[in-house]
Amino acid sequence: MGKIVVEVKGLIKDFPIADRLFRALKGITINIAEGEFMGIVGPSGSGKTTLLNIIGGLDSPTEGTVSVLGLSLIGKSNKELADLRKNGIGFIFQGYNLLPVYTVYENVEFPLLLLNVDSNKRDKMVREAIEWVDLSDKIKSKPAQLSGGESQRVAIARSIVKRPPLVIADELTANLDAKNSHRIMKILLGLNKEIGTTFIFATHDEKVMGYLSRIISIVDGKIESDKFFDRNELREKV
Amino acid sequence: MMIFRLAIKNLLGAGMRTWLNVVVTSFSFTIIIFFNAMYNGMRQDTLRILLDTEVAGGQLWHPEYDPFDPLTIEDSHSIISEELQKMVAGNEAMPVLVRQATFYMNGRSSVGLMKGIPPGQEIVRMPLKVIGDYSGDYIPVVIGSGMSKKTGLRKGDLFTVRWLDALRTYDADEFEVAEVIKLDNYRLDRGVIWLSLEKMRELLQMPGEVTYIVLKRDHAFNNQADSFIYKDIEYFMKDIDSAIEADQVWARTIFGLLLIMASLGIFNSQVLSIFRRKKEIGTLMALGMTRQRIVRLFTLEGGLHSVLALFVGALYGTPLFYYLATRGITIPYGEEAGIISTGSLYPVFGPQLIFGTMLLVAGVVTVVSFLPARKIANMQPTEALRGKIS
C-alpha cells in the first residue's frame, strides 16, 4: 500500500432532526492510499455523501479523527479547510455545479485563478484539461448550451485541472445515461493512471462499480464490507 | 483583481435584473446631481447679480438703516466722514440716499422707495446715465421692468410723488419715467424709483446726506473707520442661503427617497441572488474560496451596480447636463419665487458635486449589498451545495 492520503478513525456524525439527533455515521474507520480508484457504495441515506463531505472538509465530524493529505481536519478553521480544498482536493458533483455565467474555459480555469497561477501556465493547463475530457470544440460554450454528459466532463476537467492529489466524486453518473457514464469513467480511470490522482467515488451505480479497484460498502452508517479488485486489465485497456 | 473580474462577470451575466437596477440607480445619480447643480447655479447667479448690481465691495449702512423697517428709514441718513467723502470723490464709493415716498399714477397710489445715486457711477451695474442726459421739464426717474409691469408706468409717463422732507414737511412733484430698464435683482426693482442723488438731496433738503454707501470692489477702506456699519456679501447672501437651505430640506427628502428606491432594488436583487445562488456559493466554497472572499465577491457585485449606474448616467446625463449648463433653464417666475436671477438659470456641475454624489451613491449601494451578503459568512458549505433554504 502506498502513502496514506485519507485516514479516518472512529468517525461519528450526528445531525439534529427536530429535537433529536440522527446518527448518520457510526464509527467509520478507513485508510485510503495514494493513487487508489475506489468507491464508497451503499443505498440512499446510508451515509456515503456525509462521509465524502467530511473527507472533503465541507462538514465536520461529531467524534473521531480525520486526516486528509497529512492534515488533521479536527479543529481547523474555515480558512484552513478552504485552503485544503483549494490546493489539494477536486470535487465532482452529481448536479455538475458549473458556474452558469462562465464559459467552459472559464469554469475550468476557476480553480487556477484561486491558486493565482500565472496566465500563460494557466491557459496551457486549462486547454490540456479540456482536451482530456474531449471538449476542445466547446471551449466558449456556456453550461446552458451543454448536454448532461458534456457538463459532467466540464466538471471533471475543473476538478483535475490543478492536478490535485485527491478527487472526490459524489454520484457523478446519477444524471447520465449508460454511454456517457462509461465514457466518463474511462476518462477518470485514464487520468488516475496518467497523473496518479486518488479518486473516491460515492455511488450506487453498478456501471461505476465495474471500474473501481476498491469498494467500501456502507449500510446504515457502518462499514459492511471493504473489498479490493484487480482492474489491471481494464486499466491497460483504458 | 480576480474578485473584481468575477463580480463583473456575474453582474453582467445576471442580464435584465442588473440593468433595471443600474438604470434606477443612474436616475438617483443624475437627479441628485442635477438638483444640486441647480442650487449651485442659483447661488452663483444670485451672488454674481448681487455683487454686480447692489453690493460690489460691500456696503456701509447708516446705523439706523434697516431696509425692512419703514419706521426708522426716515431717520437713517447723515453726512458721511471726510474719509468717505474722499472715496466718493475718487469714485471708490457710491453714496445712496433712501426715502419712503407715495406714488400717484393712473388714478392709484402706492408706497415705495425713492433712491438717489450719482447717475454716472460705475461701481454697480445700474444704468442711470439717461437721467443725466434728460432735458425735459419734470424730474427724471428710472424704474425697473417689474415696477413698470406692476404699476403700468411706461417710458415717458408722468406721475406724482409725495415725500417727507428733512423739515418733516410733505412735498410733492411731477416725475417722468425717463427709462424702463431690466433689473435682474428684484430688490432694486420692486417698489423703487431711481433718480439722481443731487436732485433727491435737493428735493429732500438733505445736502450731502447719505443712507448707505456702496464700496468699489477690492476697496482699501478700513471697515471700522466710520460710524456706518459694514455689510459684506455674506450678509446679503444670508437670506438667499436660508431660502436655498429651506428648499434643500425638501430636495434632500426627494434624494433620500430616490436613494431608498435604488437601494431597495439592489438589496432585493442581492437577497434574491444569495437565495437563488446558494448552490453556486456552495460550489465556490468547495473549490476553495473562503467565506469572507465570497462575501466580498457578492458585496462587490452589488456595489458595482453603482459603477455601471455611473456609466449609464454619464451616457445620458453628460449631453443633457451640457445642454442645460450652456443653454440654461428659463425661470420666468423668479421674482415671485424670491429668486434673484437673469431669468435663466445655469446649473453648475462642479467636480466636488459629481464626485461627492458618486461616493454617496456608491457608499449606500455597497452597504445595502453587504447586508444580505453577510449571511454567507454563516452558511454551511454542505447546506449551500444542496441549495438548502435556511
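A.B. asks: Any chance you could break down the pairing of strand S6 (residues 89-92) of chain A for me, citing the residues and the numbers?
C.D. replies: Residue and element names in this part refer to chain A. Here S6 shows no split at all, with Ile-89 and Phe-91 on one side and Gly-90 and Ile-92 on the other all buried. As judged from the four bridges shared by S6 and strand S7 (residues 166-170), these two strands associate in the parallel manner. Opposite Phe-91, over in S7, you have Ile-168 as the bridge partner.

A.B. asks: I'd like a description of empty space enclosed by the protein, backed by residues and values.
C.D. replies: Residue and element names in this part refer to chain B. Summed over the entire model, instances satisfying the criterion amount to one cavity of 30 Å³ or more. Approximately 70 Å³ is the volume found for the largest cavity. In terms of lining residues, the largest cavity is bounded by Thr-53, Glu-54, Gln-59, Met-94, Val-96, Ile-117, Val-124, Met-126, Leu-188, Trp-194, Tyr-212 and Val-214. Elements that contribute at least two residues to the lining of the largest cavity include exactly helix H2 (16-55), strand S3 (93-105) and strand S10 (212-215). When the residues that make up the lining of the largest cavity are grouped by side-chain class, the tally is nine nonpolar, two polar and one charged.

A.B. asks: Which residues make up the nonpolar core, and what values go with them?
C.D. replies: Core analysis: the largest hydrophobic core is formed by 77 residues, its most contacted members being Phe110(A), Met126(B), Trp194(B), Met289(B) and Ile376(B). Each of two domains, domain 1 (2-52 + 238-385) and domain 2 (58-231) of chain B, supplies a minimum of three residues to this core. Every residue in contact with Trp194(B), bar those within four places of it in the chain, is listed here: Lys115(B), Ile117(B), Met126(B), Leu128(B), Ile131(B), Pro140(B), Val141(B), Val142(B), Leu183(B) and Leu188(B). Formed by 42 residues, the second largest nonpolar core is a distinct cluster that contains Ile92(A), Leu135(A), Val208(A) and Met209(A).

A.B. asks: Tell me about the sheet that holds S7(A), and please be specific about residues and values.
C.D. replies: All names here are of chain A. In space, the six strands of this open sheet follow the order S6-S7-S8-S3-S9-S10, with mixed pairing throughout. Every interior strand has two partners, whereas the edge strands, S6 and strand S10 (222-228), have only one. Sheet twist, expressed as the mean angle between neighbouring strand axes with direction ignored, is 15°. Examined bridge by bridge, S7 and strand S8 (residues 198-203) share five bridges and lie parallel to one another. Following the sheet pairing, Asp-170 is matched in S8 by Ala-202. Along the sheet face, helix H2 (residues 78-88) touches S6 and S7 and points at about 80° away from the line of S6.

Criteria and thresholds
Residues numbered from 1 in each chain as written. Chains lettered and ligands numbered in written order. Predicted model: local features only at pLDDT ≥ 70, side-chain atom pairs only at ≥ 80, totals over all residues. Heavy atoms only, no water. Buried < 20%, exposed > 50% of the residue type's maximum accessible area, 1.4 Å probe, protein only. Helix = DSSP H or I, 4+ residues; strand = E, 2+ residues; numbered from the N terminus. Pairing = 2+ DSSP bridges. 1 Å grid on protein atoms, 1.4 Å probe; cavity = no way out; pocket = protein on both sides within 12 Å on 5 of 7 lines; lining within 4 Å. Points joined across faces, edges and corners; volume = space filled by probe spheres on them. Nonpolar A, V, L, I, M, F, W, Y, C, P; charged D, E, K, R; others polar. Core = buried A, V, L, I, M, F, W, Y, C linked by side-chain atoms within 4.5 Å. Domains from an automatic or database assignment. Contact = heavy atoms within 4.5 Å. Axes fitted to C-alpha atoms, helices over the stretch in contact; angles between N-to-C directions.

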